[in-house]
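Structure assessment
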Amino acid sequence: MALDKQTAAKREFKVVGTRPLRPDGVDKVTGKALYGADLTAPGMLVARILRSPHAHARIRAIDTSAAEAAPGVKAVVTAADFGAPADEAVRDVLVNCMAHDKALYDGHAVAAVAAISEAAAKAALKLIKVDYEVLPHVTDVDAAMKPGAPVIQPGRQAETVGTEVSENVTHYCEFGHGDLEAGFAKADHVIERSFKTEATHQGYIEPHACLASFASDGKADLWCCTQGQYMVRNLCSQIMGMEASQLRVTPSEIGGGFGGKTTVFIEPVALMLAKKSGRPVKIVMSRSEVLRATGPTCSSSMGVKIGMTKDGRITAGHAKLRYQGGAFPCGTVEFGAMAAFAAYDLDAVRTEGWNAMTNRPKQAAYRAPGAPMSIYGVESVVDELCQHFGLDPLDVRLKNAAKAGTKASYGVTFTDIGLSACLAKAKAHPHYTAPLKPGQGRGVSCGFWFNFGGDTCVTLNVNSDGTVSVTEGNPDIGGSRASIGMMAAEELGVTFDKVRTQVVDTASLGYNEVTDGSRVTFAVGLATIKAAQAAKKVMCQRAAKIWGIDEEAVVWEDGAARPSGPNAGQFPPMTLAEIAAVSSQTGGPIAGHHEVNADGAGVSFGVHLVDVEVDPETGATKVLRYTVFQDAGKAVHPSYVEGQMQGGAAQGIGWALNEEYIYGDDGKLQNPGFLDYRVPVASDLPMIDTVILEIPNPGHPYGVRGVGETSIVPPLAAIANAVSRAAGVRLTSLPMSPPRILAALDAAHPAAAAE
Amino acid sequence: MRFEVATSVADAVRLLAAEPGTARVLAGGTDVLVQLRSGMVEPALVVDIKRIAGMRDIVAEAGGFRIGAAVSGAELGEHAGVRAMWPGVVEAMELIGSTQVQGRATLAGNLCNASPAADSVPAMVAAEAVARVAGPDGERDVPVAAIPSGPGRTTLARGEFITSIFLPARPARSSDAYLRFIPRTEMDIAVCSAGVSLTLGADGTCTAARVALGAVAPTVVLVPEAGAALVGTTLGTEALDALAAACAAAAKPIDDKRGTVAFRKKVAGVLARRATIIAAERARAEA
């Protein structure tokens, strides 16, 4: 697709850039909004899932006869009820939803029961006898890569992977350009460090929930909380051996996703139970099930080597990234390898990535998947080099910043990007020069995300009362109904309150890719603007008809059809409401629609500044002040944009300081609850300040860039750099929990530790 | 599962004693209900005691206070008399859970849940609090320190339950303090904790001190050596260092998901030191 250059002239907006009240807010805070668990159907059964207590075990046999005979039980399913989808990736999704010959991780589903009550279902689970042969397990990425490690799934290794690693290593990737050796030779100092990051969960408040129903003719309905109803339809119809048109998927309101709801975990199970029982079946996961069996992000082990001249020019960078994404092949490390050095304009750069399978749940996308870890490693080493030379960390980043024309380490050449502008804004911000007390430290980090467009489909109906209905297919996880409605209002020249945006089921609109890649405000917004333009064209035709002039002689300006000039005729302008009111007499209903595989999403950069204080006696870190600088292209609804920037920072702070999947020696998850899986609570955080920059994206009519993901990328390194400066010792392992910080301090100061 | 609302202490004792299976006493329910929902326990009987007369009262007695077994953290925190005399016990209780949990959670429940990390227990042990226990053989008074016998276990016999907690009278220039370490700022469970209760003489010399640690052993640990390190001193650096060293030595923690042995031993001393300083400031303000 050719890039739309409408943004070349600075545009004055009337609706875009304002802050109307969010349309979903009142229903959400009063409990009226319908989430996944709120849906019911007559005759509905409740299902519960039996999960493996072992990290790795062969399933010799499953005896469900007692459960099937138990009171109130209407259906029991195991892997034996499912066929084998032809597509390997779909088969992996199915095997993750219901273990086949092996339980691959603690919490892996092995059977499910649908019964007339939750109590009956729970009682029946205890009657299912699973004959397990417990196998050796491995949960650590480095251990899983070693030759001789327990093999999770044989035969899944790509040909590009060398033979010096175990069969668990499924992928190898490599990016970069230039002569590394020559680059390091030019450096005045080279630092090489190893880093580890633990797996973190998206931590959405709403657990997965769905309701499935089969009609007697084989058609099915599925209601669920998801980031993509079309994705659910495609996966489930393949797993169930159905035609896509026979399964209608309706998304509920969604209580957070952050990437974690871009696949299915329980939906095929509910569908199979509904098919077997002939009754609607509902499944709601518990928090413990969410943590044990849905997708956290990858954990990582990394090596980063960077060379720098004494005046702060980076001469070469090399990163080796090892990610584990659970018990299935996973390509997330590729994003990490592509993103690692994206902020820098380098002559010599190389990133290598390996993915290893482990006995952990199948990873799912989490906000900029793969990038926070690799950029944490790179930004930590850059910071240490700045400390080594006594250089200002923002000056060094400005000196090396990628800009328009830079060939990125992953191959593309950047167009207009906002990194230098973010860095300059951070440098000039009062936060950067505010004094620090002893025991406090300030950290800086850049962040980057690719952003995405993809298949998108929008219908816009002009109603006869002068209101507008926008029909779109992407669940609203970050305010997209507001921003899409605002873009429709802007384009049509009506006020925001005249537009209502609805997210609809898979039967009501063409295919839309999942809500991911920060794509919705960009791609659905773009399609909405084009759909509005199509509707305007129809309205101009109707006005021409009414006025009896050629349709080419009518233009749309300031929310009304007008004669294009004095020669076209003298007619008073007709507004959208006036044209809509008589649409039945001028040719029927007025609508516009647009279908596109949207390109030109425009990459996104951000810079975070953070001040922390470390208690040297306990290792506790307090975040004192936090400022986010990010390029939004054009902020359609600035409050939502700020919310995205703050939310990413908050999740990143959790990742940096306390959140982690803790596995025992037995391979079982030790902390499957929000008590010991510690997301930050409100009182843990300062108010996170935000500075929105607007460097228009040439790929969007209004200049919009996705803003949802970049904000989780910088916090890991920004906090690590701040903590390392405050504590006087370099931390290289996340999370920087108090015991880890105290141990690092005691190792650095053995005399003080002995006291 | 049977649910009974007891109308008197005798009624509750009768119900509990007659149950051959597992029974649970419900006061605030902030632990019991979580255990029920998670399937940790499946009791045959739950007896609600909070409707029994007196269970929600705080009564002045012998210069101290008797606190009914169903008095919530929020109610305790609003009682000016207890706050003034035992601020450390009150602050320990108020650290438990969320605002909603504070509306229900009780001192007696926190004690009977028998978690080594219970927040109010080190403060009560430092305070020499006494639990009044009702049972088939009548009433008995038991030091709080003697109630827990291990994680999730108590010394209470079948049919027994706690009806009140007694916080005794104090001499002039006495006060207490409680500190816990958590990785967050609230809504968490102590990685380790310290309760300190002390009395100062007119010249500022410490004349009595009790120090108790939480989450560093299967039950709360009273550390007499730590208290002894303070007595006879003016709580200078040397005394506080000796206190911290005594606490680190007395702590017998484990490595687990919440912390390491090394971390808990060190931080137990740090917390005891800091709690001592706070308790001493409060005691001086008493004068």
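Residues numbered from 1 in each chain as written. Chains lettered and ligands numbered in written order. Predicted model: local features only at pLDDT ≥ 70, side-chain atom pairs only at ≥ 80, totals over all residues. Heavy atoms only, no water.

**What to know about the overall build of chain A**
A count of helices and strands for chain A gives 22 helices and 26 strands. A globule of 755 residues ought to have a C-alpha radius of gyration of about 27 Å, and chain A, at 27 Å, matches this closely. Taken along its principal axes, the extent of the C-alpha atoms in chain A is 90 × 75 × 50 Å. The proportion of buried residues among the 755 residues of chain A is 62%. (Helix = DSSP H or I, 4+ residues; strand = E, 2+ residues; numbered from the N terminus. Rg over C-alpha atoms; globule rule 2.2 N^0.38 Å. Buried < 20%, exposed > 50% of the residue type's maximum accessible area, 1.4 Å probe, protein only.)

**Description of the overall build of chain B**
Counting secondary structure elements, chain B contains 11 helices and 14 strands. Each of the three principal axes of chain B carries a C-alpha extent, and together these read 55 × 45 × 35 Å. Expressed as a percentage of the 287 residues in chain B, the buried residues total 52%. Contacts in chain B between residues far apart in sequence, at least 24 positions, make up 60% of those at least 6 positions apart. Counting only carbon and sulfur atoms, one obtains 55% of the accessible surface of chain B, whose full area is about 11,700 Å². Of note, chain B has its 29 positive side-chain charges centred 4 Å away from the centre of its 29 negative side-chain charges. (Contact = heavy atoms within 4.5 Å. Areas by Shrake-Rupley, 256 points an atom, 1.4 Å probe, with all protein chains shown as cover. Lys, Arg positive; Asp, Glu negative; His and termini not counted. Charge placed at Lys NZ, Arg CZ, Asp CG, Glu CD.)

**Let's talk about the interface of chain B and chain A**
Facing the 20 residues of chain B at the interface are 25 residues of chain A. For the pairing of chain B and chain A, the buried interface totals around 1,900 Å² over both sides, and the portion due to carbon and sulfur atoms is 51%. By the criterion of area lost to chain A, the three top residues of chain B are Arg 184, Lys 257 and Lys 266 of chain B, representing 35% of everything that side buries. Between chain B and chain A we count seven salt bridges in total. Measuring nitrogen to oxygen at the nearest pair gives 2.9 Å for the salt bridge that ties Asp 615 of chain A to Arg 274 of chain B. (Buried area = accessible area lost by both parts, 1.4 Å probe. Salt bridge = Lys/Arg side-chain N within 4 Å of Asp/Glu carboxyl O.)

**Regarding helix 19 (residues 638-657) of chain A**
With 20 residues, helix 19 of chain A should reach 28 Å at 1.5 Å per residue; the first-to-last C-alpha distance of 28 Å fits that figure. Of all 20 residues in helix 19 of chain A, 15 are buried, a share of seventy percent or more. (Expected span 1.5 Å × (residues − 1).)

**Thoughts on the side chain of Lys 634 of chain A**
With respect to the element layout, Lys 634 of chain A can be found in the loop between strand 25 (621-631) and helix 19. When near neighbours in sequence (up to four residues on either side) are disregarded, Lys 634 of chain A contacts Phe 13, Val 16, Glu 694, Tyr 702, Gly 703, Val 704 and Arg 705 of chain A.

**Concerning the packing of helix 12 (residues 393-400) of chain A against helix 13 (residues 419-428) of chain A**
All names here are of chain A. Packing of helix 12 against helix 13 leaves a shortest axis separation of 10 Å and a crossing angle of 160°. When the axis of helix 12 is compared with that of helix 13, the two are roughly antiparallel. As helix 12 runs across helix 13, the sense of the crossing is left-handed. On helix 13, the residues touching Leu 394, Asp 395, Arg 397 and Leu 398 of helix 12 are Ser 420, Leu 423, Ala 424, Ala 426 and Lys 427. Taken together, the residues of the contact of helix 12 with helix 13 sort by class into five nonpolar, one polar and three charged. (Axes fitted to C-alpha atoms, helices over the stretch in contact; angles between N-to-C directions. Parallel < 35°, antiparallel > 145°, perpendicular 65-115°, else oblique. Left-handed = near helix turned anticlockwise from the far one by under 90°. Nonpolar A, V, L, I, M, F, W, Y, C, P; charged D, E, K, R; others polar.)

**Brief notes about the pairing of strand 15 (residues 349-356) of chain A**
Side-chain positions along a regular strand alternate between the two faces of the sheet. Residue and element names in this part refer to chain A. Burial analysis of strand 15 places seven of its eight residues in the buried class, the great majority of the element. In terms of strand pairing, strand 7 (residues 169-177) meets strand 15 through eight bridges, oriented antiparallel. Looking across to strand 15, one finds that His 171 is bridged to Asn 355. Here strand 14 (residues 314-324) pairs with strand 15 via eight bridges, running parallel. When the sheet's bridge partners are listed, Leu 321 is paired in strand 15 with Gly 353. Since strand 14 and strand 15 lie parallel, the crossover through helix 10 (residues 332-339) that links them has a hand, and here it is right-handed. (Pairing = 2+ DSSP bridges. Right-handed = clockwise from strand over helix to strand, strands pointing away.)

**Re the domain arrangement of chain A**
Note: interface size is frequently given as the accessible area lost on complex formation between the parts. All names here are of chain A. The assigned domain composition of chain A is domain 1 (46-135 + 206-255 + 261-293), domain 2 (299-451 + 602-754) and domain 3 (453-597). Each of domain 1 and domain 3 has a C-alpha centre, and the two are 41 Å apart. Contact residues are listed per partner, giving 16 residues for domain 1 and 18 residues for domain 3. Linking domain 1 with domain 3 are one salt bridge, by the criterion used here. For Glu 253, the salt bridge goes to Arg 481, with nearest N and O atoms at 2.8 Å. (Domains from an automatic or database assignment.)

**Overview of unusual backbone geometry**
Cis geometry marks the peptide bond from Leu 734 of chain A to Pro 735 of chain A, where omega comes out at 0°. Here Ala 114 of chain B, not a glycine, exhibits a phi torsion of approximately 60°, which is positive. Turning to its location among the elements, Ala 114 of chain B is positioned in the loop between helix 7 (107-112) and helix 8 (120-126). Not every positive phi belongs to a glycine, and Ala 215 of chain B is a case in point at roughly 65°. Note that Ala 215 of chain B resides in the loop between strand 13 (206-214) and strand 14 (221-222).

**Side note on the nonpolar core**
Residue and element names in this part refer to chain A. With 98 residues, the main nonpolar core has Tyr 410, Phe 448, Ile 719 and Met 736 as its most contacted residues. Setting aside chain neighbours within four positions, we find Phe 448 in contact with Ala 339, Ala 342, Ala 371, Ile 375, Tyr 410, Phe 414, Val 603, Ser 604, Phe 605, Thr 710 and Val 713. Counting 62 residues, the second largest nonpolar core, distinct from the first, contains Ile 283, Met 285, Val 290 and Phe 328. (Core = buried A, V, L, I, M, F, W, Y, C linked by side-chain atoms within 4.5 Å.)

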